[in-house]
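Descriptive structure summary
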Amino acid sequence: MLEDAAVLETLRDLAEEFSQFRLHYKFGLAEVETKVKILAEELVHKGRDNPIEYVSPRLKTLDSISAKAARIGCEMTVEQVRANIYDIAGIRIVCSFVSDVYTVADMLTRQSDVRLLRTKDYIAAPKANGYRSLHLIVEIPVFLSDRVVAVPVEVQLRTVAMDFWASLEHKIFYKYDPAIPAALRDELVAAAADAARLDERMERLHRQIHGPH
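About the thresholds
Residues numbered from 1 in each chain as written. Predicted model: local features only at pLDDT ≥ 70, side-chain atom pairs only at ≥ 80, totals over all residues. Heavy atoms only, no water. Buried < 20%, exposed > 50% of the residue type's maximum accessible area, 1.4 Å probe, protein only. Helix = DSSP H or I, 4+ residues; strand = E, 2+ residues; numbered from the N terminus. Pairing = 2+ DSSP bridges. Arc of directions from axis to C-beta. Contact = heavy atoms within 4.5 Å. pLDDT = per-residue confidence, 0-100. Axes fitted to C-alpha atoms, helices over the stretch in contact; angles between N-to-C directions. Parallel < 35°, antiparallel > 145°, perpendicular 65-115°, else oblique. Expected span 1.5 Å × (residues − 1).

A few points about the pairing of strand S2 (residues 89-95)
S2 sits mainly inside the fold: 6 of its 7 residues count as buried. Bridge count for strand S1 (residues 52-59) against S2 is 7 bridges, and the pairing is antiparallel. Across the sheet, the residue bridging to Tyr54 is Val94, located in S2. Of the strand pairs in this sheet, S2 and strand S5 (residues 148-159) are connected by 6 bridges, and their pairing is parallel. Considered in S5, the bridge of Ile91 is made with Val155.

Examining helix H2 (residues 62-72)
Every buried residue belonging to H2 is among Ile65, Lys68 and Ala69, and all of these are buried. Across the axial projection of H2, the buried residues extend over an arc of 105°, all falling on one side. Opposite the buried face of H2, at more than 90 degrees from it, the exposed residues are Asp63, Ala70 and Arg71. Residues of H2 that are buried make contact with helix H3 (78-84). Positive phi shows up at Gly73, right after H2, with a value of about 75°.

Things to note about the confidence of the model for the chain
On average, the chain scores 90 in pLDDT, and the residues at 70 or more come to 92%. Of all secondary-structure elements in the chain, the lowest mean pLDDT belongs to helix H1 (residues 2-45), at 81, while strand S3 (residues 115-121) reaches the highest, 98.

Some words on the packing of helix H5 (residues 160-176) against helix H6 (residues 182-210)
Two elements in contact, H5 and H6, have axes separated by 9 Å at closest approach and are oriented at 170°. It follows from the interaxial angle that H5 and H6 lie roughly antiparallel. Contacts between H5 and H6 involve Ala161, Met162, Trp165, Glu169, Ile172 and Tyr176 on the former and, on the latter, Leu184, Leu188, Ala191, Ala192, Ala195 and Asp199.

As for helix H4 (residues 98-109)
With 12 residues, H4 should cover 16 Å at 1.5 Å per step; its first-to-last C-alpha distance of 17 Å lies within 8% of that length. Taken together, the buried positions of H4 are Ser99, Asp100, Val101, Val104, Ala105, Met107 and Leu108.

Below is the structure:
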């Protein structure tokens, strides 16, 4: 009984530790979301088009963190999770045009308190399945009552067309997991190419009407 009580107490302590740990990521996510909204509002105030269609923040649940830790062989401790999992906090920024994706990414990462840790450009080099998006891992300081914590946040930037494709692909993947039929997979790749061509065409039209933006 004493051993069971000790195990239960350990689990409670671990749950509380992870609850506090996850809270730091919630704060970091809020900081990045605020920065993005300020940038968008400032551009509109300057008389420029808002390059951001919408913003979607997301924070992994404890179950999701645990599942990823198991998948990548990461010990479920705060120290190991912090060192190996960078997408606990994530924000998706959907832009009007491809050029806007890079403009917003540049404006965000040039801020003095934002540290760029990693870039994966799946627009310049799409995944084999056709996926296109710009992924950044940024680190941002979170000011707590007794210390400052550096929190990584995954930022995904994509166009409306890319986001529509990714949403559809996600639904299909979960319907057919683990194996999407080959014909359907080929259609998805072709659809991604169509979406990329649409992005190029719409940006070309925008420049013809409004000039470079």
